[in-house]
Structure formats: structure tokens, C-alpha cells
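If you want the building blocks of each chain, they are given just below.
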Amino acid sequence: MTNTITLNPGAVTLRDLRAIHAGAGVKLAGDAYGAIDAAAESVARIVASGKTVYGVNTGFGLLASTRIEKSKLAELQRNLVMSHACGLGEALPRRAVRLIMALKVIGLARGFSGVRRVVVDQILQMLARGALPVIPSQGSVGASGDLAPLAHLAAAMIGIGRIDLDGAEAPAADALAKIGLEPLTLGPKEGLALLNGTQVSTAIALDALFRGENVFASALIAGAMSVDALQGSDAPFDARIHELRGQPGQIAVAKFLREAMKGSAIRQSHIECDRVQDPYSFRCQPQVMGAALDLLRAAGGTLEREANAVSDNPIVFPDTDEALSGGNFHAEPVAFAADQITMAMCETGSISERRFAVLVDPKMSGMPAFLVKDSGVNSGFMIAQVAAAALVAENRSLAFPASVDSIPTSANQEDHVSMATGAAVKAGRVVFNTAGVIGLELMAAAQGVDFHAPHKTSAVLQKAHASVRETSAFLYADRFMADEIEKLQHLVVSGELAATGELFAVGGPLFEY
């Protein structure tokens, strides 16, 4: 993407954040600099006054009562960054790091953190030039903010650690020099302002949300196609049924399924059949997927608010030159949102796998066993369904809510934490697993639809079917399918599959918050 998003701190939308996640450029609204300057000037006055203020001229955490000499304030901030950069594990993907940097700009530019404009500009310049800090995915418990991962962000800004420069890692100092930037020298409170905050957990959760929306949309397409493959009924999607319950997600999903299946010749070919009811995984899609949609919408609202939040500590109030210690760094809202995404995705994969299981069962579907002719000689989709079941089982093991699993840290000063970062990382894994399940169901549903030729599915589903067929041809006999499955998983999680099915052209936009 080549468009540029202008950040208006406090008013950034999920639409803006989706664009940044997809690669849009970022700039800060010009009128935000006044608030940044006012807060920085307030910190300067506080330092000059000799007041004792946490994080400005004191130690941190359990060392908060230790007063630091004025001559050592810059050293204090640099040492804070270096001592806290203790992250572990795989590096976060560039799309998530871009969000982290944008969110940090938003929080600092609200004008309650006390950093100079040069700090904000350093982040913006690095973003603009593709110089993204290498941030490990493990090491944060989500309070006092995402300390360890944000320390890796701050370290890169001062020339320590590593930077991913358009896909090539280099020592931070070398990468900064290559793009014409000097390592930043931190002033009072600036290291703490960079390290405190929920930007990492929020960004990872947003990454899971945006990719989860893609998976969810593809799951609805797969579900509709599976109904046609089964020669199932669209009567359970009648609007009157869902209006009587009144659940908004359920109503939206039912509308999507009705519109997606409209005009299906397969449906018309068995309109007078004797089957009374389809299995729950087919006819209860609005109820199950609608509830999942409501969770995703709720999580989106929470994360949009958190993206605009001031979540560092202490918070500077320039009008009174006060620096108040609170707890906005505690990422409990983010942890709950991430766990909601995990639950929604877990159920999305679970009901999809059940539809897949029905389609490959000749007693349930009326089609050849495992959706292949000459079964026995051919195993067809037998083990593909096992693979889907394995992913669903793994998702269930990951679905225990991280938000209820606090562990005390920092000599019991930080005695209750959110575990938001782990919750968000876990949500992302469940999203990707579920994309695999949906990709597998799409292969099976496309196979089933083809068994009903010359009758065709609806115009909308024909486009999705054609997209599947570009990657995975009709299965006449056993072949190596792993590469096809992997490609479909990526088509699902990237949103490419949903786009081919004209997701937003039928049933109205699903993701309105």
C-alpha cells in the first residue's frame, strides 16, 4: 500500500490501524506537536524544581525510593533501556512491529508522557525508512506495560540491539547510520515513557484481530459452500428466525449466508427433498459464528480504545506540573480482548472441522467416501480431515484464558499482572491454525460442489470456488496435497480468499464497530 495515514492522537480508528498493518505510511498530525512540547516543558520544570518524581529522578520498581542525582539522569534512562531489553523467542513480524511503533507515537503524542518531539520523530523516521527494531515475542507479562519488548524498541532508537532494515537485520547503530539517523540521547523520563505502555500487547492483539477477521470471513464462505456441497437447506438462515433472538452477530451472519447462497442451482435441484434437518454444524452457523462475530467486534472496540490510550507511568499533567503514578500500564483490557479473539477463532475452527467431517462421511453426505472416486484404492481427504482435527485439538489446548493466569514479579511490587502479551501471541497462533482448518474445509467443499455438476453453486460461491481451484484442482485420485494446503492457509489468513468471494458485497460489512 502506498497511502499515508495521518495519526490524530486519541481519534485513530481501526480502519486507520488496518491500513498501517497492511503497509500504509504514517505521519503525525501537525497540531499534535503542541501537546508534546507542553508535556516536555513540564518535565523540564519538574526537574528544575528539585521535586522527587518517580521515573524522572528516582529508581524504578522496588527501587522507586532511591533518589538519583541530576548529573546522572541521562545515564538513568539509558541504563533503564539496556537493563530491560531481556526479550526472548522469535522476533515479532514486521507488520506487528509497524503497529507497535505507530501506537507508541499515538500514546506519546497525546501530550501526557513528557518526551521531547525528537523522540516521536525518531520513531516516525524509522518507520518511514523501513528500519524496524527487532523485538522478541517473549518476555512481557503485560504490566508495568510491555517492558522487555518495548525496551528493544527503545534500544534500537539509541543505537543498541538490532534493526530489521527492509528485511535484512543489522546492528542498530549501523542501520541508523545507513538511513542517515543519529542514535537518540534520552532525556529525563524518556526511557521510562518508551518502556511503559501496552503498545506491544495491543499491536499483537490487533494483528490477531485483523488476520482473524480474514479467517472469519473465509469461514463463512466455506460454511456456505459446504451447505451446498451437502445439498443442505438454507431455510435455517431465514431472517425471521434470527430477528426473534435479536443477537446482532447472528443476524449479520444469517444475512451473509442467505446472500452468499442466493441463486444456487444446487439448492434448487433438491428443494423438494425429504431431509428435514441438517447437522448443527451446518444449520446453526448463524448462532455459533454470530456469537464469534460479536466477540470479535467487542475485542475490536477494546483494542481501538487502547490504541489511543495514554498507558505509561507516571502521567504528566502539564497544566499543573504534576506527575501522577497510576496503573494505566496494566493491560488487563488487552488480555481479555486477546482471549476473546482466541475463543472466537477456536469455535470458528471447531465448527468448520465438524462440517468437513460430515462431508467426508458417505453415510452423512451421500457422496463418495472421503470425497474421492474409487475409494479404497484412494484415501482422498481422509488424512486431510485428520489434519483439521489436529489443528482444532491444538487450538483447544491454547484456549485457556491467559488473562486469569497472573504471576507476581519484581519482588512482589508488581504482584498482579495481565499476561496480555502472551494472550495476544497465543491468539495469533490460534488464528493461523484456524486458517489451516478453513483452507481444508474449502478444499472439501469445492470437491463436494463439483460432485453435483452440472448443477452449479451461487455466483458468489462460484468465485470463491474458482479461487480454490486456482490452488487446488479437483481430486480425481490421490496426490501430494501439502503444498496446496499451505497455500490455501495463507490465502485464508491474508484475506485474499475472502476478497474473491466478494465478502463486503454481500450481507453488508461484517466488521463494523
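Source: prediction; values computed, not measured.

The rules we used
- Residues numbered from 1 in each chain as written.
- Predicted model: local features only at pLDDT ≥ 70, side-chain atom pairs only at ≥ 80, totals over all residues.
- Heavy atoms only, no water.
- Axes fitted to C-alpha atoms, helices over the stretch in contact; angles between N-to-C directions.
- Helix = DSSP H or I, 4+ residues; strand = E, 2+ residues; numbered from the N terminus.
- Parallel < 35°, antiparallel > 145°, perpendicular 65-115°, else oblique.
- Contact = heavy atoms within 4.5 Å.
- Nonpolar A, V, L, I, M, F, W, Y, C, P; charged D, E, K, R; others polar.
- Salt bridge = Lys/Arg side-chain N within 4 Å of Asp/Glu carboxyl O.
- Buried < 20%, exposed > 50% of the residue type's maximum accessible area, 1.4 Å probe, protein only.
- Phe/Tyr/Trp six-rings, centres within 6.5 Å; stacked < 30°, edge-to-face > 60°.

*Asks:* Break down the packing of helix 1 (residues 14–21) against helix 9 (residues 199–229) for me, with residues and values.
*Replies:* At a minimum axis distance of 11 Å, the contact between helix 1 and helix 9 shows a crossing angle of 90 degrees. By the angle between their axes, helix 1 is roughly perpendicular relative to helix 9. On helix 9, the residues touching Leu-14, Leu-17, Arg-18 and His-21 of helix 1 are Leu-206, Asp-207, Leu-209, Phe-210, Arg-211 and Glu-213. In terms of residue class, the contact of helix 1 with helix 9 is made up of five nonpolar, one polar and four charged.

*Asks:* Mind laying out the pattern of salt bridges, listing which residues take part and the relevant values?
*Replies:* Per the counting criterion, the structure on display carries 18 salt bridges. Note that Glu-213 is salt-bridged to Arg-18, the shortest N-O span being 3.0 Å. Residue Glu-213 is located in helix 9, and its partner Arg-18 is located in helix 1; the two are separated by 195 residues in the primary sequence. According to the relative accessible area criterion, Glu-213 is buried, its value standing at 5%. Judged by its relative accessible area of 26%, Arg-18 is partly exposed. Asp-166 serves as the salt-bridge partner of Arg-94, at 3.7 Å between the closest nitrogen and oxygen. Separated by 72 residues along the polypeptide, Arg-94 in helix 4 (residues 94–109) and Asp-166 in the loop between strand 6 (162–165) and strand 7 (168–171) bring together distant segments of the chain. Since its relative accessible area comes to 28%, Arg-94 is described here as partly exposed.

*Asks:* Residues and numbers for the packing of aromatic side chains, please.
*Replies:* Taken as a whole, this structure holds four aromatic pairs when the rule is applied. Between Phe-356 and Phe-381 the ring centres are 6.4 Å apart and the planes differ by 75 degrees, which places this aromatic pair in the edge-to-face class. With Phe-356 in helix 15 (residues 332–360) and Phe-381 in the loop between helix 16 (362–365) and helix 17 (382–398), the pair connects residues that are 25 residues apart, well separated along the chain. No difference in accessibility class separates Phe-356 from Phe-381, as the two residues are buried. Aromatic rings pair up to connect Phe-451, Phe-474 and Tyr-476 into one cluster.

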